[in-house]
Amino acid sequence: HAVLTMKKLLEANEDDTKSYFEKYNLDKDLLNKFQNLKSSDSKILTVHRYGSASIRNDYQLAIAIQESIEKALKENNIENCSKNALKTDIIKWLEDEKNKNYFNSIISDSQLFAGDTVDNIIDKLKEYSGSDLSLLMDKIFKISEERGINAFKLEIETLVEWIESIIKDNNLKAIIFIWDEFTEYFKNNIRSLSGFQKISEISATSPFYLMIVTHLTGAIFPDTNNDARKIIDRFVRP
């Protein structure tokens, strides 16, 4: 409830924000901070995502973040000026005739794609979202690893560059990414947190702020997991 309220306050106009604070007799200094944040011509893009049980590796984490940001841009009628989207790059690669023929030959006897052609895969990449998109991307990445197709090699660093270009190219003041019910991510990735750490570090150089909502996070990690402790220390804990 708290993070959704903050999201709405960041998106509300000046009059509505003021009315809310006055209605509940809230702190005026905090009101001024909200109003100052929104006084610029540059827009703050707020992104909200719920649930993380399906995120089991860096690939899925990167795709989920990218998909959520693109959805928020569309909902706010902001044309995405950055052309470096991860999914878009894969579609471009597959649409090249030579690449299409090569990939068709690879997947023709693969059980992963159940008879799909590259054209089918391209259509699904354009159409799918959420867990369906995540599952399809997993299959593509698995094939690319087996065959050494570097064009599909997804790195967290690529996502970081994409986020920074989204902010710059679309003249955004900031992106505030609220991820609710994030506890399952930690449970599923307790031994592999380096990708998440790189994403949380973006705020040191660019106005990308990750707000995760978890429960009993401290109890999930053993005291011997130093990487986890470092990550937790990067966040403000209420």
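Note that the coordinates shown come from a computational prediction; the quantities given were computed from them, not determined experimentally.

### Things to note about the packing of aromatic side chains
Consideration 1: Scanning the model with the defined rule gives 14 aromatic pairs in all.
Consideration 2: Judged by centre distance (6.3 Å) and plane angle (55°), the rings of Phe-177 and Phe-208 are tilted. Within this pair, whereas Phe-177 is found in strand S2 (residues 172-180), its partner Phe-208 is found in strand S3 (residues 208-212), the two being separated by 31 residues in sequence.
Consideration 3: Classification of Phe-177 as buried rests on a relative accessible area of 0%.
Consideration 4: Its relative accessible area of 1% is what places Phe-208 among the buried residues.
Consideration 5: Summarising the aromatic geometry, the rings of Trp-179 and Phe-182 are spaced 4.9 Å apart at their centres and angled 70° between planes, so their arrangement reads as edge-to-face. Here the two residues Trp-179 and Phe-182 agree in accessibility, since each one is buried.
Consideration 6: Through a chain of ring-to-ring contacts, the aromatic side chains of Phe-177, Trp-179, Phe-182, Tyr-185, Phe-186, Phe-196 and Phe-208 assemble into a single cluster.

### A short note on the nonpolar core
Among soluble globular proteins, nonpolar side chains are generally buried collectively.
Consideration 1: Core analysis: the largest hydrophobic core is formed by 38 residues, its most contacted members being Ile-69, Phe-196 and Phe-208.
Consideration 2: For this core, the secondary-structure elements that each account for two or more residues are strand S1 (43-50), helix H4 (58-75), helix H9 (156-169), S2, helix H10 (183-188), helix H11 (194-200), S3 and helix H13 (226-233).
Consideration 3: If you look at the next biggest cluster of nonpolar residues, it comprises 21 residues, including Ile-63, Ile-106, Leu-125 and Phe-141.

### Considerations on the pattern of salt bridges
Consideration 1: Under the counting rule described, the total for this entry stands at seven salt bridges.
Consideration 2: The closest approach of N and O atoms between Arg-49 and Glu-67, which form a salt bridge, is 3.8 Å. Linking Arg-49 in strand S1 with Glu-67 in helix H4, this pair joins segments that are 18 residues apart in sequence.
Consideration 3: Using a relative accessible area of 18% as the deciding quantity, one classes Arg-49 as buried.
Consideration 4: Exposure remark for Glu-67: the relative accessible area of 18% places this residue in the buried category.
Consideration 5: Of the charged contacts, one joins Glu-157 and Lys-198 as a salt bridge, the two residues approaching to 2.6 Å between their closest N and O atoms. Remark: Lys-198 occurs in helix H11 and Glu-157 occurs in helix H9; sequence separation between them is 41 residues.
Consideration 6: For Glu-157, a relative accessible area of 37% translates into the label partly exposed.

### Regarding the sheet that holds S2
Consideration 1: The parallel open sheet is built from three strands, whose spatial order is S1-S2-S3. Two strands close off the open sheet at either side, each with one partner strand: S1 and S3. Strand-to-strand, the axes of this sheet are offset by a mean angle of 15°, without reference to chain direction.
Consideration 2: Its contacts with the sheet place H9 against S2 and S3, and it is angled at close to 135° to S2.

### Some remarks on the pairing of S3
Consideration 1: The side-chain alternation of S3 yields one buried face, formed by Phe-208, Leu-210 and Ile-212, and one unburied face, formed by Tyr-209 and Met-211.
Consideration 2: Inspection of the sheet shows S2 paired to S3 by five bridges, in the parallel sense. When the bridges of S3 are listed, Trp-179 appears paired with Ile-212.

### Re the packing of H4 against H9
Consideration 1: Axis separation between H4 and H9 bottoms out at 10 Å; the angle between their running directions is 15°. In terms of axis orientation, H4 runs roughly parallel to H9. Note on packing geometry: the crossing formed by H4 with H9 is left-handed. Contacts from Asp-58, Ala-62, Ile-65, Gln-66, Ile-69, Glu-70 and Leu-73 in H4 reach Ile-156, Leu-159, Trp-162, Ile-163 and Ile-166 in H9.
Consideration 2: Here the contact of H4 with H9 is composed, by residue class, of nine nonpolar, one polar and two charged.

The rules behind each value
Residues numbered from 1 in each chain as written. Predicted model: local features only at pLDDT ≥ 70, side-chain atom pairs only at ≥ 80, totals over all residues. Heavy atoms only, no water. Phe/Tyr/Trp six-rings, centres within 6.5 Å; stacked < 30°, edge-to-face > 60°. Helix = DSSP H or I, 4+ residues; strand = E, 2+ residues; numbered from the N terminus. Buried < 20%, exposed > 50% of the residue type's maximum accessible area, 1.4 Å probe, protein only. Core = buried A, V, L, I, M, F, W, Y, C linked by side-chain atoms within 4.5 Å. Salt bridge = Lys/Arg side-chain N within 4 Å of Asp/Glu carboxyl O. Pairing = 2+ DSSP bridges. Axes fitted to C-alpha atoms, helices over the stretch in contact; angles between N-to-C directions. Contact = heavy atoms within 4.5 Å. Parallel < 35°, antiparallel > 145°, perpendicular 65-115°, else oblique. Left-handed = near helix turned anticlockwise from the far one by under 90°. Nonpolar A, V, L, I, M, F, W, Y, C, P; charged D, E, K, R; others polar.

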